[in-house]
Amino acid sequence: MKRFVSILLSVLTVCALAFAAACAAKPVGTDDPVKTNEGSYKGESTVTGTMQTAGNITVLVPEGWVLIPGTAGGVEDDNSLFLKASEDAREYIWVTINTRANIDSSLKVNTSAEIAPFKVNGVEWQGKENAVYAPIGDVIFFVMTYGYTASDAEMQAVLGSLAKAN
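These numbers come from a predicted model, not from an experiment.

Undergrad: Would you take a moment to explain the pattern of salt bridges for this structure?
TA: Any two side chains of opposite charge can pair, on the condition that their charged atoms come close. This structure, assessed with the given rule, holds two salt bridges. In this structure, Arg 100 engages Asp 104 in a salt bridge whose closest nitrogen and oxygen atoms are separated by 2.9 Å. With Arg 100 and Asp 104 both in helix α3 (residues 100-109) and four residues apart, this pair spans about one turn of that helix. Residues Lys 164 and Asp 138 are paired through a salt bridge, measuring 3.6 Å at the closest nitrogen-oxygen approach. Highlighted residues: Lys 164 in strand β11 (residues 163-164) and Asp 138 in the loop between β9 (131-136) and β10 (139-146), separated in sequence by 26 residues.

Undergrad: Please clarify how unusual backbone geometry should be interpreted in this entry.
TA: Among all residues save glycine, negative phi is the norm, and among peptide bonds the norm is trans. At Asn 121, a position not held by glycine, the phi torsion is positive, near 50°. Here Asn 121 is to be found in the loop between β7 (114-120) and β8 (123-128).

Undergrad: Which parts of the structure should I look at to understand the sheet that holds β10?
TA: In a beta sheet, neighbouring strands pair by backbone hydrogen bonds and run either parallel or antiparallel. With antiparallel pairing, the seven strands of this open sheet are ordered in space as β4-β5-β6-β10-β9-β8-β7. In this open sheet, the two strands that pair with only one neighbour each are β4 (66-72) and β7. Averaged over all pairs of adjacent strands, the angle between strand axes in this sheet comes to 25°, irrespective of strand direction. The strands touched by α3 within the sheet are β6 (92-98), β8, β9 and β10, with β10 carrying the most contacts at an inclination of about 25°. Relative to the sheet, helix α4 (residues 153-161) contacts β5 (75-84), β6, β7, β8, β9 and β10, its axis offset from that of β7 by approximately 55°.

Undergrad: Help me out: how do you make sense of α3 in this one?
TA: Each full turn of the α-helix corresponds to 3.6 residues, which orients residues three or four apart in the same direction. Looking only at α3, the buried set comprises Asn 102, Ile 103, Ser 106 and Leu 107. On an axial view of α3, the arc spanned by its buried residues comes to 130°, and they lie on one face. α3 presents Ala 101, Lys 108 and Val 109 as exposed residues on the side facing more than 90 degrees away from its buried surface.

Undergrad: Explanation requested: the packing of aromatic side chains in the structure shown.
TA: The geometry of an aromatic ring pair comes down to the distance between the two centres and the angle between the two planes. All chains considered together, the criterion is met by four aromatic pairs. Their ring planes at 70° and their centres at 5.6 Å tell us that Phe 82 and Tyr 92 sit as a pair that is edge-to-face. In this pair, Phe 82 is assigned in strand β5 and Tyr 92 in strand β6, connecting sequence segments ten residues apart. Accessibility assignment for this pair places Phe 82 and Tyr 92 in one class, buried. On the basis of an interplanar angle of 25° and a centroid distance of 6.0 Å, the ring pair of Tyr 92 and Tyr 146 is categorised as stacked. With Tyr 92 in strand β6 and Tyr 146 in strand β10, this pair connects stretches of sequence that are 54 residues apart. Given a relative accessible area of 6%, Tyr 92 falls into the buried group. Tyr 146 sits in the partly exposed class, given a relative accessible area of 40%. Among the aromatic residues, those joined into a cluster by ring pairs are Phe 82, Tyr 92, Trp 94 and Tyr 146.

Undergrad: What is the right way to read the environment of Ala 89 from this model?
TA: If you trace the backbone, Ala 89 turns up in the loop between β5 and β6. With 58 residues separating them along the chain, Ala 89 and Gly 147 place their C-alpha atoms 10.0 Å apart.

Undergrad: Sorry, what's going on with the pairing of β5 here?
TA: A regular strand places its side chains on the two faces of the sheet in alternate fashion. In the sheet, β4 pairs with β5 via seven bridges, with the strands oriented antiparallel. When the bridges of β5 are listed, Pro 69 appears paired with Leu 81. Where β4 folds back onto β5 in an antiparallel hairpin, the turn is made up of two residues, including Gly 73, whose phi is positive at roughly 60°. Here β5 runs beside β6; their pairing, made up of four bridges, is antiparallel. In the strand pairing of β6, Phe 82 is matched with Trp 94.

Scoring rules and cut-offs
Residues numbered from 1 in each chain as written. Predicted model: local features only at pLDDT ≥ 70, side-chain atom pairs only at ≥ 80, totals over all residues. Heavy atoms only, no water. Salt bridge = Lys/Arg side-chain N within 4 Å of Asp/Glu carboxyl O. Helix = DSSP H or I, 4+ residues; strand = E, 2+ residues; numbered from the N terminus. Pairing = 2+ DSSP bridges. Axes fitted to C-alpha atoms, helices over the stretch in contact; angles between N-to-C directions. Contact = heavy atoms within 4.5 Å. Buried < 20%, exposed > 50% of the residue type's maximum accessible area, 1.4 Å probe, protein only. Arc of directions from axis to C-beta. Phe/Tyr/Trp six-rings, centres within 6.5 Å; stacked < 30°, edge-to-face > 60°.

Purely spatial values, then, with no claim about function.
Put into structure tokens, the structure is as follows:
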């Protein structure tokens, strides 16, 4: 089963099929308000929002944005989620808990520019302008975007807030 999920996540990443699932899903509720200003790629930025949990991922959802649980094969996937400025926005930030092998294969086909490793809240991220990864605790987070880059304030806030839900 883990191998199946791993293969499926890789296919979703490479084919970007997950975007279609995000457009059809419904947003989840909110928790307590949170403000973050730690670390930055292009200087300090402040983004406000709420910490929310979907499946195995806890993340800051910027104010006014929606969190949409990820799906794989029509079934909710506890290891992925989408963040969008609105339900019908085309741009998104896709967060997954993934394996290094899947991340490496995704980065090989990604055509965005490579970037130097950078830190947000003490965690070193590496990858490309629109696809970065970092180990946090006992998992590897892979964050891919459409319409945002690693240097955007919203992306920085998301990266700085990521945690594995208990």
